[in-house]
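Each chain, letter by letter, is given below.
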Amino acid sequence: MAGAILGSRLRRVPDGETGVRSAWISWQHAVLMGNPLLEPEPEASLSSRPRVRLRAGVTARELAFGPLGYAEAARGSHADFARVKREGVLPPRCRFQVSLPTPLAVQSFVVSDARSAVEPAYEARMLAEVNEIAAAVPSDQLAIQWDVAVEIGLWEGVWPTSFSDVKKGIIERLVRLADSVPADVELGYHLCYGDAGHKHFKEPADTSNLVEIANAISISVKRPINWIHLPVPRARHDDAYYAPLRNLQLHPETELYLGLVHLTDGAEGTRRRIAGAEQVVPGFGVATECGLGRRAPATIPALLRIHAEVAGPVA
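Predicted model only: the values in this text are computed from it and were never measured. (Residues numbered from 1 in each chain as written. Predicted model: local features only at pLDDT ≥ 70, side-chain atom pairs only at ≥ 80, totals over all residues. Heavy atoms only, no water.)

(A) Representation of the overall build of the chain within the structure. The helix and strand tally for the chain stands at 10 helices and 9 strands. Relative to its length of 315 residues, the chain is compact, with a C-alpha radius of gyration of 20 Å against a globular reference of 20 Å. Its C-alpha atoms put the chain at 60 × 45 × 40 Å along the principal axes. Counting only residues that meet the buried cut, the chain has 53% of its 315 residues in that class. When contacts within the chain are restricted to residue pairs at least 6 apart in sequence, long-range pairs at least 24 apart make up 75% of them. About 14400 Å² of surface is accessible on the chain, with carbon and sulfur atoms providing 54% of the total. Here the chain carries 34 positive and 36 negative side-chain charges, and the mean point of each set is 2 Å from the other. (Helix = DSSP H or I, 4+ residues; strand = E, 2+ residues; numbered from the N terminus. Rg over C-alpha atoms; globule rule 2.2 N^0.38 Å. Buried < 20%, exposed > 50% of the residue type's maximum accessible area, 1.4 Å probe, protein only. Contact = heavy atoms within 4.5 Å. Areas by Shrake-Rupley, 256 points an atom, 1.4 Å probe, with all protein chains shown as cover. Lys, Arg positive; Asp, Glu negative; His and termini not counted. Charge placed at Lys NZ, Arg CZ, Asp CG, Glu CD.)

(B) Structural view of the pairing of strand E5 (residues 142-148). Burial analysis of E5 places 7 of its 7 residues in the buried class, the great majority of the element. The sheet contact formed by strand E4 (residues 95-101) and E5 spans 6 bridges and is parallel. Looking at the pairing, Leu 100 lines up with Trp 146 of E5. Of the crossover connections in this fold, the one passing from E4 over helix H4 (residues 115-136) to the parallel E5 is right-handed. In terms of strand pairing, E5 meets strand E6 (residues 186-191) through 6 bridges, oriented parallel. Looking at the pairing, Trp 146 lines up with Tyr 189 of E6. (Pairing = 2+ DSSP bridges. Right-handed = clockwise from strand over helix to strand, strands pointing away.)

(C) Representation of the pairing of E4 within the structure. Extensive coverage of E4 is indicated by the burial of 7 of its 7 residues. Side-chain alternation along E4 places Arg 95, Gln 97, Ser 99 and Pro 101 on one buried face and Phe 96, Val 98 and Leu 100 on a second face that is also buried.

(D) The sheet that holds strand E9 (residues 285-288), seen in detail. Taken together, the 7 strands give an open sheet; going across it, the order is E1-E4-E5-E6-E7-E8-E9, and neighbouring strands pair in parallel fashion. On the outer flanks of this sheet lie strand E1 (12-14) and E9, each paired with one strand and no other. Recorded for the sheet is a direction-independent mean angle of 30° between the axes of neighbouring strands. Note that strand E7 (residues 227-231) and strand E8 (residues 255-261) share 5 bridges and pair parallel. Looking at the pairing, Trp 227 lines up with Glu 255 of E8. (Axes fitted to C-alpha atoms, helices over the stretch in contact; angles between N-to-C directions.)

(E) Inspection of the packing of aromatic side chains at higher detail. Considering all chains together, one arrives at 6 aromatic pairs under this definition. Ring geometry for Phe 65 versus Tyr 122: centroids 5.6 Å apart, planes at 85°, classification edge-to-face. Of this pair, Phe 65 sits in the loop between strand E3 (52-54) and helix H3 (70-86) while Tyr 122 sits in helix H4, placing them 57 residues apart in sequence. Both residues of the pair, Phe 65 and Tyr 122, belong to the buried class. (Phe/Tyr/Trp six-rings, centres within 6.5 Å; stacked < 30°, edge-to-face > 60°.)

(F) Quick peek at the nonpolar core. Of all hydrophobic cores here, the largest spans 87 residues; its most connected members are Trp 146, Tyr 189 and Leu 258. Here this core gets 7 residues from one element, more than from any other, and that element is H4. Not counting the four nearest positions on each side in its chain, Tyr 189 is found in contact with Gln 145, Trp 146, Val 148, Leu 174, Val 175, Ala 178, Ile 217, Val 221, Ile 225, Trp 227, Ile 228 and His 229. (Core = buried A, V, L, I, M, F, W, Y, C linked by side-chain atoms within 4.5 Å.)

Below, the structure is given as structure tokens:
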């Protein structure tokens, strides 16, 4: 469907979050619960999703994770991608995009005093999954995107954190994730204010925090960053929202994508947001705020057609 509607406008096609993965990281709760070195907190009710903690006597050094499922899903999905590309449905330059949650995201499933033990072990396994994906998919066909949502909430002060320096801790983690992606594989970041019920966990006042994070990543990451995606709320086509984008300092090779395509006001509303952004940044790609997920399948063709109406072919 993406190939038929968007064709030469496509730079990358995401692996997607289907089936068990359709609610972003919720399926990873079962992965944590299935780890024999972890156990549910005893006070959890039967109706809630219990957080996990280390079992008695287990040390942080002992904790390790087996397969998380992301590499397995990517291998299966890439077989479909390769087939439709051979059939000419997708343009030659289009890459297979695998979108991965940052390891910090699953910390909401962990009791606070165990997070410092669980995060390194989970991160190590996630980076191993990146290596497995890179080994299975030709590097000139692969793009890895890190989905940065929990970090935005911490940066904005929406949720508490145990970091002594929140901003430094977040950037250090995002840089490590960049370093894990082979240099000949494309790398991108999706900065996100959430999409639960198509609502943000906090409405951004403007793009200033997004710009601060994007600039810090760009300064610190030594390998190429191929794209950074920033969300644009439906109601924001005013200069106040976009003005901080004047301070963006991206790598020369980094494409800026603005998530300003919204189904609910169609191409007309999308063009209003594009016009507002063009007063500040001369060129950018377009996307939705938070992917195509969590919608009725019947709505997807119309959503893709909005992209086709407002975007030109990839040079």
